[in-house]
Amino acid sequence: MHSSYPVTDKVVSVIVPAFNAASTIRETVKSALNQTYRNIEVLIVDDGSSDDTKAIAAELIQSDARVRYIHKQNGGVASARNRGIAEAKGDFVATLDADDLWYPTKLARQMERFALGGPNTALVYAWCCWIDSAGNVTGSAPPTRLEGNIVAEMCLGNVVISGSNALIRRNVIIAVGGFDESLRSRGGQGCEDWKLYMQVAERYEIAMVPEYLIGYRVQPGSMSDDFEQMMRSRRLVETEFTSSHPELAVHFAHGEAILARSLAVRAIDRGQIFDAIGLLTNHSRGRFIAGFASLMWLMAGSIRRAIRWLGRHDHSATAKFLPNSSDSADKFPYARPYN
C-alpha cells in the first residue's frame, strides 16, 4: 500500500510483563510470534515469578530467536513494562499482558495506520474483545472511532481499554516518562496505562484501527476486580491532570461517574451487590437513595443483557472470530500460524 510516512519496515518491540503467568504466557507469546508483521522482538519481563514462567520462557526462546527473557525483582506491572521499554531495540513498542491474546493481523494493521497518519501520530489502538480463562469470547467493548486530538475524550475513560492494545512510538513513551511506578506505592495501582495514554494524548495525535484485534482476559481476581483500588487509582491520576488542566475537571468528573457505573455493572454480574451499592453511593457523595436508584436501573440492564445474550448464542456450534465485525465469536484464535 502507499505510505505517506515510511514506518512499515521498523522493528516493533513487544513487552510482556509476567508475574506467575505460567498458565497463560505460552499462548500469549505465541499470539505475538504469529503476527503477520514479522519484524518484531518479544521481551518477556519476569517480575519476580515463583512458578514455571522462566522455564516456559526458555522453551519459547529455543523455538524462536526473536524472544528475549529479562528477570527482575517484583515491582509491579508498570515497573516491568518500563524495564522492557528500557531494553527494547524497536522504534515502536506494544505492551502485551501475559494473559491476553492478539489476532494475527493486529500489529500489521496498526503499522499501516501509522504509515497513513504521519509523524505526529504517536499511538494507534484497535478494538477489544473480552475473553474468559479458556479463551472464549464473552463480549466486546463498544466500537469507538475517536481519533486526532482526543485528550478531552480520554478524560471520560480509557479509550484504549486495555494495556495490551496500544502501539506507541518508543521515543514518545520515553518523552512522557513511561508508566508511573509510584501509583502502586500510593495504593493506586491499576490506571498506569490510562495515565500514559493521557500524557500521549496531551501532546500528540491518536489514531485507531476499526477492527477487533485484541482478546482482553477478564476473570475474577484480576487487578481491575479491586474496585476500590481502581477508583483510588483514577482519582490519583485525575488530581495530577486537573492541577495543570483545570478546564478538564468537568470531563474527569463525568468520567469518574462512568467508571463507577461500569464497575458496579461488573459487581452486579458477579453477585457482589454490596460492592455495587458502595460504588454508586460513594459516587453520589453519600446520597444513598440516588445510589440505590442507580443500582436498580443497572440490575435491570444486566437482566436485559443476559436475555439478549441467551437469544443470540447457539452453543451447538463454534463460530469463527471475525476481527472486522462487531459480533462476538466463541473462540479467540490465539495460535493461528503465519502463512
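Here's what I pulled together on the structure shown here.

Cut-offs used in this document
- Residues numbered from 1 in each chain as written.
- Predicted model: local features only at pLDDT ≥ 70, side-chain atom pairs only at ≥ 80, totals over all residues.
- Heavy atoms only, no water.
- Helix = DSSP H or I, 4+ residues; strand = E, 2+ residues; numbered from the N terminus.
- Contact = heavy atoms within 4.5 Å.
- Areas by Shrake-Rupley, 256 points an atom, 1.4 Å probe, with all protein chains shown as cover.
- Buried < 20%, exposed > 50% of the residue type's maximum accessible area, 1.4 Å probe, protein only.
- Salt bridge = Lys/Arg side-chain N within 4 Å of Asp/Glu carboxyl O.
- Core = buried A, V, L, I, M, F, W, Y, C linked by side-chain atoms within 4.5 Å.
- Pairing = 2+ DSSP bridges.
- 1 Å grid on protein atoms, 1.4 Å probe; cavity = no way out; pocket = protein on both sides within 12 Å on 5 of 7 lines; lining within 4 Å.
- Points joined across faces, edges and corners; volume = space filled by probe spheres on them.
- Nonpolar A, V, L, I, M, F, W, Y, C, P; charged D, E, K, R; others polar.

## Re the overall build of the chain
- Broken down by element type, the chain carries 12 helices and nine strands.
- Counted over contacts in the chain with a minimum sequence separation of 6, partners at least 24 positions apart contribute 78%.
- When the accessible surface of the chain is split by element, carbon and sulfur atoms take 53% of a total near 15,300 Å².

## Some points on unusual backbone geometry
- The phi torsion at Asn-20 lies on the positive side, around 50°, for a residue other than glycine.
- Relative to the assigned elements, Asn-20 resides in the loop between strand E1 (12–18) and helix H1 (25–33).
- In this structure Asn-20 comes out as partly exposed when scored by relative accessible area, which is 32%.

## Side note on the pattern of salt bridges
- Following the criterion strictly, the structure yields 15 salt bridges and no others.
- Residue Glu-87 pairs with Arg-68 through a salt bridge whose shortest N-O separation is 3.9 Å. Taken together, the positions of Glu-87 in helix H3 (residues 77–87) and Arg-68 in strand E3 (residues 67–72) put the pair 19 residues apart, joining distant regions of the chain.
- What makes Arg-68 partly exposed here is its relative accessible area of 23%.

## Looking at the environment of Ile-61
- Along the chain, Ile-61 falls in helix H2 (residues 53–63).
- Sequence separation of Ile-61 and Ile-44 is 17 residues, and the distance between their C-alpha atoms is 9.9 Å.
- Not counting residues within four places of it along the chain, the set of residues in contact with Ile-61 comprises Val-67, Arg-68 and Tyr-69.

## Observations concerning the nonpolar core
- With 44 residues, the main nonpolar core has Leu-123, Met-154, Ile-168 and Tyr-197 as its most contacted residues.
- Broken down by secondary-structure element, the contributors of at least two residues to this core are strand E2 (40–47), H3, strand E6 (121–131), helix H5 (151–156), helix H6 (170–175), helix H8 (192–203), strand E9 (205–217) and helix H9 (227–244).
- If we skip the residues at most four places from it in the chain, Tyr-197 touches Leu-123, Met-154, Asn-158, Val-160, Ser-162, Gly-163, Ala-166 and Ile-168.
- Judged by nonpolar contacts, the second largest core, of 35 residues, contains Ala-32, Tyr-37, Ala-94 and Val-209.

## With respect to the pairing of strand E4 (residues 92–95)
- Burial along E4 is two-sided: Phe-92 and Ala-94 facing one way and Val-93 and Thr-95 facing the other are all buried.
- Where E4 lies against strand E8 (residues 167–169), three bridges are found, and the strand directions are antiparallel. Bridge pairing in E8 places Phe-92 opposite Arg-169.

## A word on empty space enclosed by the protein
- Overall, the coordinates contain two cavities of 30 Å³ or more when judged by the stated rule.
- Here the largest cavity defines a volume of roughly 40 Å³.
- Every residue lining the largest cavity is listed: Val-93, Thr-95, Ala-166, Ile-168, Ile-173, Phe-179 and Tyr-197.
- For the lining of the largest cavity, the per-class residue count stands at six nonpolar, one polar and no charged.
- Counted as a void, the second largest cavity has a volume near 30 Å³.
- Residues that form the lining of the second largest cavity fall into these classes: seven nonpolar, no polar and no charged.

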